[in-house]
Amino acid sequence: MGIFGNLFGSKKLKTTDSDFGEIESFSTRGNDVGWQVNKRFLNSDIEILLAGNKDGISENQKRILLNALNNETEIKSESEKALKEQFENAKMEFVSIEKHFELKGISVRHEGFEMAFQEKEGQNYFFNVHFENNKQVGVSIDG
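Because the structure is a prediction, the values reported are computed rather than measured.

Peer 1: What am I meant to see in the environment of W35 here?
Peer 2: Mapped onto the secondary structure, W35 falls in strand 3 (residues 32-41). It is 8.7 Å that separates the C-alpha atoms of W35 and N53, two residues lying 18 residues apart in sequence. Only 3.1 Å separates the side chain of W35 from the backbone oxygen of N53, close enough to count as a polar contact. Within the structure, W35 has its side chain in polar contact with the backbone oxygen of G56 (distance 3.3 Å).

Peer 1: What is the right way to read the pattern of salt bridges from this model?
Peer 2: In a structure, side chains of opposite charge can pair up when their charged atoms sit close to one another. Within the structure shown, the criterion is met by 12 salt bridges. For the salt bridge of D17 with K62, the shortest nitrogen-to-oxygen distance reads 2.8 Å. Separated by 45 residues along the polypeptide, D17 in strand 1 (residues 14-17) and K62 in helix 2 (residues 59-69) bring together distant segments of the chain. Taken individually, D17 and K62 each receive the classification buried, so the pair is uniform in this respect. In this structure, K62 engages D19 in a salt bridge whose closest nitrogen and oxygen atoms are separated by 3.2 Å. Within this pair, whereas K62 is found in helix 2, its partner D19 is found in the loop between strand 1 and strand 2 (21-29), the two being separated by 43 residues in sequence. A relative accessible area of 7% places K62 in the buried class. Overlapping salt bridges bring together K12, K14, E22 and E24 as one network.

Peer 1: Explain the packing of aromatic side chains here, please?
Peer 2: This model, assessed by the stated rule, comprises 5 aromatic pairs. Both rings, one in F87 and one in F101, keep their centres 5.7 Å apart while their planes meet at 70°; by these two values the pair is edge-to-face. Of the two residues, F87 is situated in helix 3 (residues 72-89) and F101 in strand 6 (residues 101-108); the sequence distance between them amounts to 14 residues. Residue F87 is classed as buried on the basis of its relative accessible area of 5%.

Peer 1: When you look at the layout of surface pockets in this model, what are you seeing that I'm missing?
Peer 2: Take a probe with the size of a water molecule and roll it over the atoms, and the empty space left behind shows itself. Counted as a void, the largest pocket has a volume near 190 Å³. Lining the largest pocket are 13 residues, with L42, N43, S44, I97 and E98 sitting closest to its centre. If you list the elements that add at least two residues to the lining of the largest pocket, you get helix 3, helix 4 (97-100) and strand 6. Classifying every residue of the lining of the largest pocket by side-chain character gives 5 nonpolar, 3 polar and 5 charged. Looking at the lining of the second largest pocket, the elements that each hand over two or more residues are strand 2, strand 3 and strand 4 (44-53).

Peer 1: Could you clarify how one ought to interpret the side chain of S25 in this entry?
Peer 2: Inspection of the secondary structure assignment puts S25 in strand 2. Looking at S25, its side chain comes within polar contact range of the main-chain nitrogen of L13, at 2.8 Å. Discounting chain neighbours no more than four positions away, the residues touching S25 are K12, L13, V33, G34 and W35.

Peer 1: Hey, could you run me through unusual backbone geometry in this one?
Peer 2: In terms of backbone geometry, most residues other than glycine have negative phi values and most peptide bonds are trans. At N43, a position not held by glycine, the phi torsion is positive, near 60°. Topologically, N43 is positioned in the loop between strand 3 and strand 4. According to the relative accessible area criterion, N43 is exposed, its value standing at 61%. Here N134, not a glycine, exhibits a phi torsion of approximately 60°, which is positive. Tracing the sequence through the fold places N134 in the loop between strand 8 (126-132) and strand 9 (135-142).

Criteria and cut-off values
- Residues numbered from 1 in each chain as written.
- Predicted model: local features only at pLDDT ≥ 70, side-chain atom pairs only at ≥ 80, totals over all residues.
- Heavy atoms only, no water.
- Helix = DSSP H or I, 4+ residues; strand = E, 2+ residues; numbered from the N terminus.
- Polar contact = N/O pair within 3.5 Å; in protein donor to acceptor, adjacent residues only side chain to side chain.
- Salt bridge = Lys/Arg side-chain N within 4 Å of Asp/Glu carboxyl O.
- Buried < 20%, exposed > 50% of the residue type's maximum accessible area, 1.4 Å probe, protein only.
- Phe/Tyr/Trp six-rings, centres within 6.5 Å; stacked < 30°, edge-to-face > 60°.
- 1 Å grid on protein atoms, 1.4 Å probe; cavity = no way out; pocket = protein on both sides within 12 Å on 5 of 7 lines; lining within 4 Å.
- Points joined across faces, edges and corners; volume = space filled by probe spheres on them.
- Nonpolar A, V, L, I, M, F, W, Y, C, P; charged D, E, K, R; others polar.
- Contact = heavy atoms within 4.5 Å.

Okay, structure coming up:
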């Protein structure tokens, strides 16, 4: 690792999680570690970001994620409801998630999670659907 690698890079941590197999870190700050899980969800290969420590994923965040992954139909329905509302507010016709969006990833938080959908056509905006207890509670849009 050259000088820049020593200055800016950090060695990725790896561990084996009982539910997700081998996982790798994407950030480390002291004992706080951001973990990445690669998974297939809603017919997309996505990255899932979770917090934890050097020993692995936070138990709370793992519980939130497993609950979502085990309720894919409910999560899709809630996402569709939120995204359809955004289209209707913009006076646009909504057909389906599959037609308009590609799921890019999930970020788990302490109180829920956020799913990032990228628009397939148009400006390629990201529509971030926020969830608590597997119910959508809002949408933010990033350009």
